[in-house]
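Geometric and topological summary
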Amino acid sequence: MTYDVAVIGLGGIGSAVVAKCAARGARTVGLEQFQPGHELGSSTGKSRLIRKAYFEDPAYVPLLLRAYDLWRELERDTGEQLLAIIGLLMVGEENASIIAGARKAASAHDLAIELLERREVLARYPMLRLLPKELGVFEPDGGVLVPERATRAHLRIAAEAGAELRFETVVKRWEAKGSGFEISLADGSRVFAHALVLAQGPWLEDALGIPLRVQRNVQAWFAPESASYSFDRFPPFLVERQNLPAPLYGFPDFGDGVKAAFHAHGAMTGIDHLAREINRDRDIAPIVAAMEEWMPGATSSLLDAKACPYTLTPDGHFVLDRHPDYPRAVLCGGFSGHGFKFAPVIGEIAADLALEGGTPHEIGFLSHRRFGRSNLPK
Ligand SMILES: Cc1cc2nc3c(=O)[nH]c(=O)nc-3n(C[C@H](O)[C@H](O)[C@H](O)COP(=O)(O)OP(=O)(O)OC[C@H]3O[C@@H](n4cnc5c(N)ncnc54)[C@H](O)[C@@H]3O)c2cc1C
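Residues numbered from 1 in each chain as written. Predicted model: local features only at pLDDT ≥ 70, side-chain atom pairs only at ≥ 80, totals over all residues. Heavy atoms only, no water.

A complete count under the given rule lists 20 salt bridges for this structure. Where K46 meets D256, a salt bridge forms, and the shortest distance between an N and an O atom there is 3.7 Å. Remark: D256 occurs in the loop between β15 (248-251) and β16 (258-262) and K46 occurs in the loop between β2 (28-31) and β3 (48-50); sequence separation between them is 210 residues. In this structure, R124 engages E114 in a salt bridge whose closest nitrogen and oxygen atoms are separated by 2.5 Å. Placement of R124 in helix α4 (residues 118-124) and of E114 in strand β6 (residues 114-116) is noted, with a sequence separation of ten residues between them. Residue R124 is classed as partly exposed on the basis of its relative accessible area, which comes to 36%. When its relative accessible area of 29% is taken as the criterion, E114 is described as partly exposed. (Salt bridge = Lys/Arg side-chain N within 4 Å of Asp/Glu carboxyl O. Helix = DSSP H or I, 4+ residues; strand = E, 2+ residues; numbered from the N terminus. Buried < 20%, exposed > 50% of the residue type's maximum accessible area, 1.4 Å probe, protein only.)

Strands sit in the order β3-β8-β4 across an open sheet of three strands; the sheet is antiparallel. Because the sheet does not close on itself, it has two edges, and the strands there are β3 and β4 (83-84). As paired elements, β3 and strand β8 (residues 143-145) share three bridges and run antiparallel to each other. Each residue of the ladder has a partner; that of L49, found in β8, is V144. (Pairing = 2+ DSSP bridges.)

For the rest of this paragraph, the subject is the packing of helix α1 (residues 12-23) against helix α5 (residues 147-160). Between α1 and α5, the least distance of the axes is 8 Å, while the angle of their chain directions is 25°. In this view, α1 runs roughly parallel relative to α5, as classed from their interaxial angle. As for the relative orientation of α1 and α5, their crossing is left-handed in sense. Between α1 and α5, the residues in contact are G12, S15, A16, V18, A19 and A22 and T151, H154, L155, I157 and A158, respectively. Residues that form the contact of α1 with α5 fall into these classes: seven nonpolar, four polar and no charged. (Axes fitted to C-alpha atoms, helices over the stretch in contact; angles between N-to-C directions. Parallel < 35°, antiparallel > 145°, perpendicular 65-115°, else oblique. Left-handed = near helix turned anticlockwise from the far one by under 90°. Contact = heavy atoms within 4.5 Å. Nonpolar A, V, L, I, M, F, W, Y, C, P; charged D, E, K, R; others polar.)

This part covers the domain arrangement of the protein chain. Split into domains, the protein chain comes out as domain 1 (2-45 + 148-211 + 315-371) and domain 2 (217-234 + 241-307). On the side of domain 2, ten residues touch domain 1, which itself brings nine residues to the contact. Interface area, domain 1 with domain 2, both sides summed: about 680 Å², of which 46% is carbon and sulfur. Linking domain 1 with domain 2 are one salt bridge, by the criterion used here. K306 is the partner of E39 in a salt bridge, and the nearest nitrogen-oxygen pair spans 3.7 Å. If you look at where domain 1 meets domain 2, you find five residue pairs in polar contact (both at pLDDT 80 or more). (Domains from an automatic or database assignment. Buried area = accessible area lost by both parts, 1.4 Å probe. Polar contact = N/O pair within 3.5 Å; in protein donor to acceptor, adjacent residues only side chain to side chain.)

Pasting the structure below:
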């Protein structure tokens with residue numbers, strides 16, 4: 001059989017793409033090299049930040065507003081709780097990029113944020129340590145997504161809508177043939193589809209031709225000394241400080257410890273060489289030091305840690321576009337450590353591009369053309 005669309009990769013993003021394509025009645029196949037829920041990609045680790053006042057670029061805000069609606073719709077359709085909207089606290093000096101950027105996005109899109117002076121942050125959260133010039137931005141619509149549950153929910157919706165989901169199925173290569181694509185699998189068989197979506201996360205490295213780099217990022221979980229960092233008293237956070245190697249972010253204790261990590265900080269590597277083992281001195285000690293200067297008592301003992309890949313583009317923005325040579329092939333990658341919250345809207349856009357040839361969403365700023373196209377594969 002020839003499918004309307006084949007999606008390569010069923011992580012956080014590909015699972016949303018198959019769900020959106022199948023929901024439109026398209027004959028959809030998803031091809032995934034590992035088992036569902038595997039932990040080798042970028043979509044696991046129990047929690048992901050979701051927020052609207054997007055310091056990275058206000059152009060993401062319309063996509064975020066749609067993503068919030070679609071996450072809520074997925075919750076309704078599956079009966080699963082995927083989101084905990086408990087607010088988000090951002091702290092830094094007035095000109096820190098997360099503070100200035102969040103305020104700029106909020107003002108451009110009329111989003112609700114609270115600007116808190118240092119003393120107001122400390123009045124709300126007396127256990128914290130703030131530096132003299134720091135202030136806070138509290139976003140009430142910020143919160144936490146459970147990535148494993150979200151991916152499972154999208155896969156379930158896709159299967160219920162008739163998508164064929166093939167796990168332990170390695171795609172070796174694809175090429176344009178006739179009015180579509182021939183996809184060769186590692187077992188020697190082939191799949192034919194009129195449209196193709198490449199959602200391969202850190203494995204897209206070689207396929208895209210855009211200079212993507214895989215970065216090893218460590219997330220760690222700690223037992224806090226007291227209950228003051230539990231989710232009903234303390235929000236997820238982002239902190240930017242000059243003495244830190246990168247912004248520090250984390251999550252309150254939902255029952256499995258306080259989680260913390262540096263955003264986009266770690267060795268550049270390749271997905272096949274990513275060191276999965278954790279080195280306490282190199283990986284954990286810097287997180288503990290930064291946390292103790294910000295949330296004293298939050299990291300009293302290490303519970304768990306995990307090294308995960310970011311797939312970085314040169315400018316930190318996604319690539320979401322049609323392939324320049326094959327308009328029915330959709331490039332969906334380079335999420336640069338901040339893509340999960342967008343999964344359902346990316347699924348919707350990829351379905352638009354693959355099945356309709358265009359999308360009403362404003363995605364020009366995510367075009368691959370910004371990198372030039374000289375080395376895109378034919
Ligand atoms: C530590 C960490 C923290 C993060 N924090 C946040 C956050 O707070 N908020 C946020 O919004 N985002 C966050 N992100 C980013 C977000 O999680 C990622 O952008 C998103 O999960 C990427 O999903 P993906 O589907 O593109 O990649 P993946 O989940 O890696 O999925 C790609 C899939 O493609 C499959 N695949 C690849 N090649 C082939 C092939 N040839 N054949 C078959 N299958 C193939 C892989 O097996 C894999 O399952 C974070 C990322 C990390 C690593």
